[in-house]
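This is what each chain is made of:
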Amino acid sequence: MEGIGRPIIVLDFGAQYSKLIARRVREAKVFSLILPFDTPLAELKALNPAGIIFSGGPASVHVPGAPQPDLGVFQLETPILGICYGTQLFAHMLGGKVERAEKREYGIAHLEHNDTTGFFAGVDEHTQVWMSHGDAITQLPPNFEVIGKTENCPYAAVADASRHRYGVQFHPEVVHTPQGARIISNFVHHVCGCDSSWTMGSFVELAVKRIREQVRRGHVICGLSGGVDSSVAAVLIHRAIGKQLTCVFVNNGLLRKGEPEMVQQVFRDNFHLDLRYVDAEDRFLDGLQGIADPEEKRKTIGRLFIEVFEEEAHKIGHVDILAQGTLYPDVIESVSATGGPSATIKSHHNVGGLPERMHLKLLEPLRELFKDEVRAVGKELGLPEDIVWRHPFPGPGLGVRCIGELSKERLQTLREADAIFIQEIKRAGLYREIWQALVCLLPVRSVGVQGDERTYEEVCSLRAVTSEDAMTADWYRFPDEVLQRIANRICNEVKHINRVLYDVTSKPPGTIEWE
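Since this is a predicted model, take the numbers as computed values, not measurements. (Residues numbered from 1 in each chain as written. Predicted model: local features only at pLDDT ≥ 70, side-chain atom pairs only at ≥ 80, totals over all residues. Heavy atoms only, no water.)

**A few points about unusual backbone geometry**
For step 1, the next point in the chain: A cis amide bond, omega -15 degrees, links Lys-507 with the succeeding residue Pro-508.
For step 2, the next point in the chain: Inspection of the secondary structure puts Pro-508 in the segment after β18 (497-502).
For step 3, the next point in the chain: For the peptide bond that leads from Pro-508 to Pro-509, omega is 15 degrees, which places it in the cis range.
For step 4, the next point in the chain: Tracing the backbone through its elements, the reader meets Pro-509 in the segment after β18.
For step 5, the next point in the chain: In this structure, Asn-143 is a non-glycine residue whose phi angle is positive, near 75 degrees. (Helix = DSSP H or I, 4+ residues; strand = E, 2+ residues; numbered from the N terminus.)

**Some details on the environment of Ile-422**
For step 1, the next point in the chain: On the secondary structure map, Ile-422 appears in helix α14 (residues 408-427).
For step 2, the next point in the chain: When its relative accessible area of 10% is taken as the criterion, Ile-422 is described as buried. (Buried < 20%, exposed > 50% of the residue type's maximum accessible area, 1.4 Å probe, protein only.)

**Structural notes on the sheet that holds strand β13 (residues 321-323)**
For step 1, the next point in the chain: The 5 strands are arranged β12-β11-β10-β13-β14 in an open sheet whose pairing can be described as parallel. The two strands at the open ends of the sheet, each matched to only one other strand, are β12 (274-279) and β14 (361-363). This sheet shows a mean twist of 30 degrees between the axes of neighbouring strands, independent of strand direction.
For step 2, the next point in the chain: Across 6 bridges, the pairing between strand β11 (residues 245-251) and β12 is parallel. Opposite Thr-246, over in β12, you have Asp-274 as the bridge partner. (Pairing = 2+ DSSP bridges. Axes fitted to C-alpha atoms, helices over the stretch in contact; angles between N-to-C directions.)

**Describing the packing of aromatic side chains**
For step 1, the next point in the chain: Counted according to the given criterion, the structure contains 19 aromatic pairs.
For step 2, the next point in the chain: Pairing Tyr-328 with Phe-370 gives two aromatic rings, centres 5.6 Å apart and planes at 85 degrees, and the pair type is edge-to-face. Residue Tyr-328 is found in helix α10 (residues 328-331), and its partner Phe-370 is found in the loop between β14 and α12 (371-380); the two are separated by 42 residues along the sequence. Both residues of the pair, Tyr-328 and Phe-370, count as buried.
For step 3, the next point in the chain: Measuring from ring centre to ring centre gives 6.1 Å for Phe-421 and Phe-478, while their planes differ by 55 degrees; the resulting arrangement is tilted. With Phe-421 in helix α14 and Phe-478 in the loop between β17 (474-475) and α15 (480-493), this pair connects stretches of sequence that are 57 residues apart.
For step 4, the next point in the chain: Look at Phe-421 and you get buried, because its relative accessible area is 0%.
For step 5, the next point in the chain: Since its relative accessible area comes to 7%, Phe-478 is described here as buried.
For step 6, the next point in the chain: Positioned above the aromatic ring of Trp-475 is the side chain of Arg-477, whose terminal nitrogen or guanidinium carbon lies 3.8 Å from the ring centre. (Phe/Tyr/Trp six-rings, centres within 6.5 Å; stacked < 30°, edge-to-face > 60°. Lys NZ or Arg CZ within 6 Å of the ring centre and 35° of its normal.)

This is the structure we're talking about:
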């Protein structure tokens, strides 16, 4: 991890909050990595971590087969922080006791601490914390002492300060523990001795060096969509190797209003990238004609993209490396809810299937970053705000938002409605509050009255959600006047739409996209 300091390793015991723990560490400007709980001791040593955090988890330490780390981890001199289940492992594995709690704690509790080691430095002596546990420590292992308690949990925070081991029964990583970020910062800075070297400025310098070392004299091709991830990756790689990068932007006829012009203007005219623009609208729409099934649409769009991309690559000549905007959540090896390692590591290829078919090496300069960090790198590189803060947009584009069969006319109708929706969200100053906003054109028609005449036109549904990671999402509560203005504009300005709906389904049970 040269150039970004010694990492903090988060050992994942099946917690739903492991990513959040890693994010809180990075917010303290310290690099973090998530690894499975059963990562071999030799691999941990090779990473030379500044500290290790045991995550929470759904299992009980008493259950046969419950996840446990290599016992040798406790022989390391590396500081360790246990969270919830991670703290119970201290007691279970080091000579203490864990039993079913007489009074389970779920939700808000109030912590009193008497710490003098610096672990709770700057934290109020009486502070709110978030609990979620059914087991409880009933006897501490040797050399541990209590440094914090709640009404129902006498061992809410424990420490063996001489060996730099700390445990909390609550969850400092969640927002319901208001001073939790400070606690994690104290651990990584005061206990582990980390500096604040993990910044996006330092990352850009390191990434440029790594890219040059990997590419050398080779040539890189990048599928540029105009989304946040591919845009940041392209500009970062261009800063490192200049004309050794060629970007391909494919207009598949499924893009938002004005997008082809915007992408060319920003990346070719402003950043001076070697950008190849391919107008393949007719080819895609011909290939999608008569297809209504969403999965068949996606497969057809993906296949056509690969064909077009390969053709452009052949025109460029010799290409060695494929660049992709893969992010850290895409490559983390997860742990299942039962504590066992997952069978596969999620593979995320923005241009699915391309590496295998084209026999190219992969360049993924953002694979260590979370989404918010990618946005910060984009700002560091000077990308426009409209791209840095752009909402997620699916690879198949409007093809999966135009429900049912596609046609040039229906896509144009959807494109106009979508543009109005986004314009009004930005006008109301709400764009950054929303994770994703979209319009779906539905395969139904509605009777309406427009200009004293009876109409029989199409129906669209608006959808806007809030989320942290897209795994779950809640529908966004617009002010009434904003929704009214959006509906009025769409019905008045978009030909062929006479009715506007608003989708109030959360995820689960729904998904964010309709298809």
